[in-house]
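Structural characterization, general
Here's the letter readout for the chains.
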Amino acid sequence: MSRNAGQGSSTDDAESAPGRTKLEQLRAENERLRSKLDTRVTYRRSAALLLAAAAAFLAATQVFPAEQDVLIALAGTGTFGAILLVTLTAERLLPARVTEAVCDTTSRNRAAIAHSLGADGPIRYVPTDPGLVRLYVAAAAYDGVPPSDALTATVVDEAEYYGLALEPTGRDLVAELERTSGDLPDEVDAALPMLFEAVTDLFELADTVETVNYGESAVAGGNQATVEITGSAVGDVTGIDHPITSLIGVGLATVVDGPVEVHAATDDGTPLITFGWHDEPADTSEASPTAEPATE
């Protein structure tokens, strides 16, 4: 009887193991959020102290009128610092699993819609009007890119062109980047580091973005860059129009003023995204350079 009881206990332990793992994950997530919340509380307490100090400096002007200018300057500095702290810490906190779930579900839906429409070809970011870029998924690998006016439709179906055109996730992100840091450079060599820094520092979408291959592609006049992305905070980077891929793709399309083709792959679980483009703006009626997956 004791043997059976021991076996039952082992079975219960095995069945409860996934539950314990899930509980540990939730505890870790709660600790992460609590840490961030504690930081925000600390900032707001600091803001309150700065306001109190500003009020004290203003009151001191009545006691020390000879030092009025200095005290008023100190009061102004304290008030400004308090406002700055409150403004910079007013962001809402979301658990990482929430953003991952939203991005992954959205990506799967895009893929399902594209497949149901027969758009299983390459993924390209195509500039249309100045400052505007569209995501275009063609029907076949060597299909060209339709004229800009055709890309305003969601389903492109005219002449020899057929595919799916959407507003890319990265378009507003690039606009925010340029609003914050200025216009993107005219050269790819200078633009890529700026886009990578936006991913890791400005938007905190990933831990690192590093170039692992950069040079000419197999297509005449074409170039490609393969980047390695680690620590994505917004789900699977290999999905269609993932925020990180979209931000870099839209930025590159803006800089080169031509289509940028994207190919996603993985190497030992690490996402590798390859972007392909022409040195000079190409005729969009022809296929853009194929973004070939990186090879080790």
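Whatever comes next refers back to the structure up there.
We now turn to the structure provided with this report. (Residues numbered from 1 in each chain as written. Predicted model: local features only at pLDDT ≥ 70, side-chain atom pairs only at ≥ 80, totals over all residues. Heavy atoms only, no water.)

Time to look at the packing of helix α5 (residues 188–202) against helix α6 (residues 243–256). Helices that pack against each other are described as a pair by the angle of their axes relative to one another and the distance between those axes. Packing of α5 against α6 brings their axes to within 10 Å, and their N-to-C directions diverge by 155°. Relative to α6, the element α5 lies roughly antiparallel. Crossing geometry of α5 relative to α6 is assigned as right-handed. Side by side, α5 and α6 meet where Val188, Ala191, Leu192, Leu195, Phe196, Ala198 and Val199 of the first sit next to Ile244, Leu247, Ile248, Gly251, Leu252, Val255 and Val256 of the second. (Axes fitted to C-alpha atoms, helices over the stretch in contact; angles between N-to-C directions. Helix = DSSP H or I, 4+ residues; strand = E, 2+ residues; numbered from the N terminus. Parallel < 35°, antiparallel > 145°, perpendicular 65-115°, else oblique. Left-handed = near helix turned anticlockwise from the far one by under 90°. Contact = heavy atoms within 4.5 Å.)

With that out of the way, let us pick up the environment of Ala111. Within the secondary structure, Ala111 sits in helix α3 (residues 96–116). Considered as a pair, Ala111 and Gly239 are 128 residues apart in the sequence and their alpha carbons are 8.0 Å apart.

Take α5 next. Spacing of three or four residues puts side chains on the same side of an α-helix, whose turn is 3.6 residues. Helix length check: α5 (15 residues) gives 19 Å between terminal C-alpha atoms against 21 Å at 1.5 Å per residue, within 8%. If you check which residues of α5 are buried, you get Val188, Ala191, Leu192, Met194, Leu195, Phe196, Ala198, Val199 and Thr200. Where α5 is buried, its residues contact α4 (170–181), β5 (208–216), β6 (222–230), α6 and β8 (270–278). Immediately downstream of α5, the backbone of Glu204 shows phi near 55°, a positive value. (Expected span 1.5 Å × (residues − 1). Buried < 20%, exposed > 50% of the residue type's maximum accessible area, 1.4 Å probe, protein only.)

Further remarks concern the nonpolar core. Within the largest apolar cluster, 43 residues are counted, with the highest numbers of intra-cluster contacts made by Val199, Ile229, Ile244, Ile248, Leu252, Phe275 and Trp277. Among the nonpolar cores identified, the runner-up in size contains nine residues, and Val126, Tyr136, Ala138 and Ala165 belong to it. (Core = buried A, V, L, I, M, F, W, Y, C linked by side-chain atoms within 4.5 Å.)

Our focus in this paragraph is the layout of surface pockets. Within this model, the second largest pocket holds a volume of roughly 150 Å³. Lining the second largest pocket are Ser107, Ala111, Ile123, Tyr125, Thr238, Gly239, Ile240, Asp241, Thr245, Val262, His263 and Ala264. It is strand β7 (residues 260–267) that contributes the most residues to the lining of the second largest pocket, three residues altogether. The residue makeup of the lining of the second largest pocket, split by class, is six nonpolar, five polar and one charged. (1 Å grid on protein atoms, 1.4 Å probe; cavity = no way out; pocket = protein on both sides within 12 Å on 5 of 7 lines; lining within 4 Å. Points joined across faces, edges and corners; volume = space filled by probe spheres on them. Nonpolar A, V, L, I, M, F, W, Y, C, P; charged D, E, K, R; others polar.)

A word on the pairing of β8. In terms of burial, β8 is largely enclosed, as eight of its nine residues are buried. Where β6 and β8 come together, seven bridges link them in antiparallel fashion. When the bridges of β8 are listed, Gln224 appears paired with Gly276. Relative to β8, β7 is paired through seven bridges, and the arrangement is antiparallel. Its bridge partner being in β8, Asp267 is matched across the sheet by Thr270. A loop of two residues connects β7 with β8, the two strands running antiparallel in sequence, and Asp268 in this loop sits at a positive phi of about 55°. (Pairing = 2+ DSSP bridges.)

So, on to the pattern of salt bridges. Applying the stated criterion across every chain, the model contains four salt bridges. Where Arg110 meets Asp241, a salt bridge forms, and the shortest distance between an N and an O atom there is 3.7 Å. On the criterion of sequence distance, the pair formed by Arg110 in helix α3 and Asp241 in the loop between β6 and α6 is long-range, its members being 131 residues apart. The shortest N-O distance in the salt bridge between Glu167 and Arg171 comes to 3.3 Å. Take Glu167: its relative accessible area is 42%, and that puts it in the partly exposed class. (Salt bridge = Lys/Arg side-chain N within 4 Å of Asp/Glu carboxyl O.)

None of this, on its own, says anything about what the molecule does.
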